[in-house]
Every structure is written in structure tokens, then in C-alpha cells.
Amino acid sequence: TRAGGAGVSLLQVTQDSTTLVRWKSIPLLDCPDTVIAEAQACLHAVQLATEFYHECLQQGIAQDGVVLQGDILPLLNYLQGRGRIKRLAVVKILEECQLLLARAPFIFRLVYLPRECNKLADHFAGTASAAARQAADSPLHAVSHRAPPPYHLAQKLGFIVDHGALRTHPAFVLTECP
């Protein structure tokens, strides 16, 4: 088996800005390839978006819907019922994802995005992968990993830090220029 990682970044997009409001770095001790990692990322992204949606509802903040972006097109096609996946391990993860999508209280749109365009999720996958490799080398094989706020990367991408009331940790805002 090979250690790997999945990364998720939840961006809230408005007319004026794009805000990184949540992120997740998921170490995977048994990750044979990027397809498994991306399937896990899809599942965690749907879970994270659903949690955030409910938090917004409790705060009285309306959300239109969610765009789920991924960088492996066959997985996105499968989730939309337009393709087939032969690997049972991947199908099991995607079926769980489909169940969550069907029960979601909002509309999901699935969009392909090349990995080079999603530096944030790629960053979180990298930190998760490093944590998984470190855990695989330890005798207990235990993974407890929480990705720190990506200050350096967010700054490099043009985001600014926002310590908003809705968030329990910093959010990063990319303001659109007029």
C-alpha cells in the first residue's frame, strides 16, 4: 500500500469576491493512486459543503448552490451518470458521494478544473500526503492531521486574511477588481 492525501478547499463566491471559508487535508494511509485520492476528496467536499450550508442557514445567510470542481473527468462524469468506473473501490466511494448529493438541500453543479488551476486543494492534498507518509513510517500508523491556514499560499494567490464572525478560523478573501 502507498500513503497519499486528498485536499479540499471550499470557496464562497459572491459578485465582489471569492473567499476560502473552509479547507480539509485528508491523509490516506492506503492510497494506491490519484483516482482514489480524488474520489475521497469529492466525498469530503460534499460533506464540507453540506456542513457549511447548514451553518449559513442557521446564521440566516442564503446560499444559491454549490459548484464541485474536480480534476479527474471520469469521476465527475460518473457522478453525473455519464460514465462508468470499473474499479470497485472507487465506485464505493462515489456511490456514497452520489447518495449525499441526492440528499443535499441545495443544487450541486459538477465542473472539471485542471489540477494546475486549483492550487489550494492541491496544497492540502500535499500536506495530507506528507502526514500519511509520516504515519505509515510510525509503528502505530495513527493519523491526526489538521492543516494549518495556508497563509503563504493564499497571499501568493492574492487573497487577504478575513477574521469574519461566521468562521471559527481565518478565511482568505480574493477581491475582484472592477
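Use the structure listed above.
Notes on the structure follow. Here the structure is a predicted model, which is why all the values come from computation and not from measurement.

**Let's talk about the pairing of strand β1 (residues 4-13)**
Piece 1. With eight of its 10 residues buried, β1 lies for the most part within the structure.
Piece 2. Relative to strand β2 (residues 17-28), β1 runs antiparallel, the two being bridged by 10 bridges. Residue Gly5 lies in a different strand from β2, and its bridge partner there is Pro27.
Piece 3. The turn linking β1 back onto β2 is made up of three residues.

**Re the pattern of salt bridges**
Piece 1. The full count for this structure, using the stated rule, is two salt bridges.
Piece 2. One salt bridge in this structure joins Asp33 and Arg87, with 2.7 Å as the shortest N-O distance. Placement of the pair is Asp33 in the loop between β2 and α1 (34-58) and Arg87 in the loop between α2 (73-79) and α3 (88-103), with a sequence separation of 54 residues.
Piece 3. Given a relative accessible area of 22%, Asp33 falls into the partly exposed group.
Piece 4. Overall, Arg87 belongs to the partly exposed group, its relative accessible area being 33%.

**Section: the packing of α1 against α3**
Piece 1. With their axes 9 Å apart at the nearest point, α1 and α3 run at an angle of 15° to one another. Judged on the interaxial angle alone, α3 and α1 are roughly parallel. Viewed along their axes, α1 and α3 form a crossing whose handedness is left-handed. Together, Val35, Ile36, Ala39, Gln40, Cys42, Leu43, Val46 and Gln47 of α1 and Ala89, Val90, Ile93, Leu94, Glu96, Cys97, Leu100 and Leu101 of α3 make up the contact between the two elements.
Piece 2. Partitioned by chemical class, the residues of the contact of α1 with α3 number 13 nonpolar, two polar and one charged.

**Structural notes on the state of the cysteines**
Piece 1. What the rule picks out here adds up to zero disulfides.
Piece 2. The thiol of Cys97 is not disulfide-bonded; the next cysteine sulfur, from Cys42, is found 5.4 Å away.
Piece 3. Among the residues examined, Cys97 registers a relative accessible area of 0% and is labelled buried.

What counts, and where the lines are drawn
Residues numbered from 1 in each chain as written. Predicted model: local features only at pLDDT ≥ 70, side-chain atom pairs only at ≥ 80, totals over all residues. Heavy atoms only, no water. Buried < 20%, exposed > 50% of the residue type's maximum accessible area, 1.4 Å probe, protein only. Helix = DSSP H or I, 4+ residues; strand = E, 2+ residues; numbered from the N terminus. Pairing = 2+ DSSP bridges. Salt bridge = Lys/Arg side-chain N within 4 Å of Asp/Glu carboxyl O. Axes fitted to C-alpha atoms, helices over the stretch in contact; angles between N-to-C directions. Parallel < 35°, antiparallel > 145°, perpendicular 65-115°, else oblique. Left-handed = near helix turned anticlockwise from the far one by under 90°. Contact = heavy atoms within 4.5 Å. Nonpolar A, V, L, I, M, F, W, Y, C, P; charged D, E, K, R; others polar. Disulfide = S-S within 2.5 Å.

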